[in-house]
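# Summary of structural features
So the chains spell out like this:
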Amino acid sequence: MITLRLTMPEPPLSIKLRYVGSAVEDGTMPIEEVILALKGFAGAYGKVAENLLPSSSHELRISAVEKSSFDLAILAWIASSQGNETLSVLKTAGSAAKYVFSIVAKIIDVKKHTKSKPYQIAVEGSNNTTIIINNDGGKMEFPREALEILTSKLVDTDLARIASPLSDNLIINAELTATDEQGSLEANIASTDKEYFVVPESEETGNPAEISGTLVSLNKETLRGTFKRTDGLKIPYRYIGENPQGFWASFSHKGAVRVSCIAYFDENLELKRLEIQQVIRLQGELTLSPPEAPQAPQ
């Protein structure tokens with residue numbers, strides 16, 4: 001028997017995204033840059049949450065805007081099967097939202113540590129600590145569970161959006177601070193670090209395709225999640241169709257589906273992501289009808 005444990009929504013984690021520099025001293029920023037930066041943080045946060053805490057739900061809201069800073073309140077809650085490692089991970093992190101923020105902050109630190117140059121991954125010590133070794137031999141610890149997110153560059157585009165408003169002498173720093181009752185976590189990107197967050201134009205190609213598998217996760221706000229192909233390969237997806245409500249209903253379907261999509265491959269022809277346009281259920285959901293009453297003999 002599987003026992004489900006549901007934790008109630010946590011107290012909101014307060015996250016502040018703040019830009020510093022002469023161009024924002026009057027407390028204003030171009031709306032295009034504001035939207036891009038907030039989308040960048042929301043995208044990075046959402047992807048980390050989907051990959052590391054798939055049984056959690058997160059709600060991001062802007063609670064205040066003042067002096068080129070944006071306060072976000074994040075609610076998170078967990079629905080986890082008994083024995084799942086999710087809850088044990090959170091015992092040390094403090095909360096689901098703070099744990100996700102800590103991983104985003106670590107990835108930012110790694111980007112600055114490696115400076116867009118080749119790096120090595122090593123495991124050291126009796127505790128099997130994962131170490132990122134940069135091109136100069138410098139070492140930095142990194143959470144093992146987030147290595148796939150780092151090496152797949154899953155959130156690189158999102159972090160580039162946060163860094164995009166930065167410019168020497170105008171907007172010199174982007175500061176991220178997460179605060180709760182237990183204290184604060186911080187991350188920052190300086191204008192001098194911006195080059196380490198630039199995402200080069202990809203050789204990515206997209207082709208129409210129909211792929212069978214199951215919908216593993218879904219964020220209803222971003223319409224993003226994970227799709228598992230019949231061979232077990234998990235692929236990030238985004239729904240771009242015209243019927244989000246119908247897509248939500250398809251996600252609740254427990255069986256296999258076939259998706260009509262644009263499949264994107266990298267230069268090595270590896271499938272990287274899907275843009276789903278339509279979902280067709282392959283297994284009808286069973287319904288039980290009452291037995292017919294016996295007919296009287298003729």
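Each chain has its residues counted from 1, running along the sequence as written. Local features in a predicted model are, by the rule used here, given only for residues with pLDDT of at least 70; side-chain atom pairs are given and counted only at 80 or more, and totals for whole chains, interfaces and linings are based on all residues. Just so you know, side-chain values use all the structure's heavy atoms and leave hydrogens and water out.

### Overview of the packing of helix α1 (residues 31-52) against helix α3 (residues 96-114)
Our working definition: Interaxial angles span 0 to 180 degrees and are taken between N-to-C directions of axes, which are lines fitted to C-alpha atoms, for helices over the stretch in contact. Helix and strand definitions follow DSSP, with helices as H or I runs of at least four residues and strands as E runs of at least two, each counted in order from the N terminus. For classification, angles of less than 35 degrees are called roughly parallel, those exceeding 145 degrees roughly antiparallel, those between 65 and 115 degrees roughly perpendicular, and all remaining angles oblique. By definition, any crossing whose near helix is turned counterclockwise from its far helix by less than a right angle is left-handed, and any crossing with a clockwise turn is right-handed. Working rule for contacts: check all heavy atoms of both residues, and any pair within 4.5 Å makes them a contact. Classes in brief: Ala, Val, Leu, Ile, Met, Phe, Trp, Tyr, Cys and Pro nonpolar; Asp, Glu, Lys and Arg charged; the others, Gly included, polar.
Two elements in contact, α1 and α3, have axes whose closest approach is 9 Å; the angle formed by their N-to-C orientations is 110°. When the axis of α1 is compared with that of α3, the two are roughly perpendicular. Seen from above, α1 lies across α3 with right-handed handedness. Of the residues in α3, those touching α1 at F41, A44, Y45, V48, A49 and L52 are A97, Y99, V100, F101, I103 and V104. Grouping the constituent residues of the contact of α1 with α3 by class yields 12 nonpolar, no polar and no charged.

### Structural notes on the sheet that holds strand β6 (residues 129-133)
Rule in force here: Two strands pair under a simple rule: DSSP has to find at least two bridges between them.
Ordered in space as β5-β6-β7, the three strands form an open sheet in which the pairing is antiparallel. Single-partner strands in this sheet number two, and they are β5 (120-124) and β7 (139-141). Each adjacent strand pair in this sheet contributes to an overall mean axis angle of 35°, direction not counted. When β5 meets β6, the two strands line up antiparallel, connected through five bridges. Pairing of I121 across the sheet is with I132, part of β6.

### Let's talk about the confidence of the model for the protein
Condition: Confidence scores labelled pLDDT are given residue by residue by the predictor and lie between 0 and 100.
Scored by pLDDT, the protein has a mean of 80; 79% of the residues are at 70 or more. Strand β1 (residues 4-6) is the least confidently modelled element of the protein, averaging 38 in pLDDT, while β7 averages 95, the highest of any element. For the stretch residues 80-87, pLDDT sits under 50, and the model shows 18 contacts to residues farther than four places along the chain or on other chains. Segment residues 285-298: pLDDT under 50, and one contact once partners within four positions in sequence are set aside and those in other chains are kept.

### Here we look at the packing of aromatic side chains
What counts, and what does not: Pairing of aromatic rings covers Phe, Tyr and the six-membered ring of Trp, with a centre-to-centre limit of 6.5 Å; geometry is then stacked below 30 degrees between planes, edge-to-face above 60, and tilted otherwise. In this scheme, a residue with accessible area under 20% of its type's maximum is buried, one over 50% is exposed, and one in between is partly exposed, where area comes from a 1.4 Å probe on protein chains only.
Scanning the entire structure with this criterion turns up three aromatic pairs. Consider the rings of F41 and Y45, whose centres lie 5.9 Å apart with planes at 40°: the pair is tilted. Taken together, the positions of F41 and Y45, both in helix α1 and four residues apart, correspond to about one turn of that helix. For the pair F41 and Y45, one class covers both residues: buried. A ring pair is formed by Y237 and F247, whose centres lie 5.8 Å apart and whose planes are at 75°; its orientation type is edge-to-face. Placement of Y237 in strand β12 (residues 234-239) and of F247 in helix α6 (residues 244-252) is noted, with a sequence separation of 10 residues between them.

### Some details on unusual backbone geometry
Non-glycine residue K115 carries a positive phi angle of around 55°. Tracing the sequence through the fold places K115 in the loop between α3 and β5. Unlike most non-glycine residues, K153 shows phi in positive territory, near 60°. One can find K153 in the loop between α4 (147-151) and α5 (156-163). Residue K153 is classed as exposed on the basis of its relative accessible area, which comes to 56%.

### Section: the nonpolar core
Generally speaking, a soluble globular protein has its nonpolar side chains buried in company with each other. Rules: Here, nonpolar core refers to any group of buried Ala, Val, Leu, Ile, Met, Phe, Trp, Tyr and Cys residues whose side-chain atoms link them within 4.5 Å.
Among the nonpolar cores identified, the biggest contains 48 residues, and Y19, L159, I162 and L176 are the most heavily contacted of them. Counting only elements with at least two residues in this core, the list comes to β2 (13-20), α1, α3, α4, α5, β8 (173-180) and β9 (183-190). Take this core: its biggest share by element is 11 residues, from α3. Ignoring sequence-local partners within four residues, the contact set of I162 consists of L17, Y19, A37, G40, F41, A174, L176 and I189.

### Some thoughts on the pairing of strand β11 (residues 224-229)
Inspection of the sheet shows strand β10 (residues 205-219) paired to β11 by six bridges, in the antiparallel sense. Counted as the bridge partner of L215 is F227 from β11. As consecutive antiparallel partners, β10 and β11 are separated by four residues, and within that stretch L223 has a phi angle of approximately 55°, a positive value. The sheet contact formed by β11 and β12 spans five bridges and is antiparallel.

### Focus: the sheet that holds strand β14 (residues 271-281)
Strand order in this closed barrel of five strands is β10-β11-β12-β14-β13, and the pairing throughout is mixed. Direction aside, neighbouring strands of the sheet carry axes that sit 55° apart on average. The sheet strands contacting α6 are β10, β12 and β14, and the helix crosses β10 at an angle near 65°.

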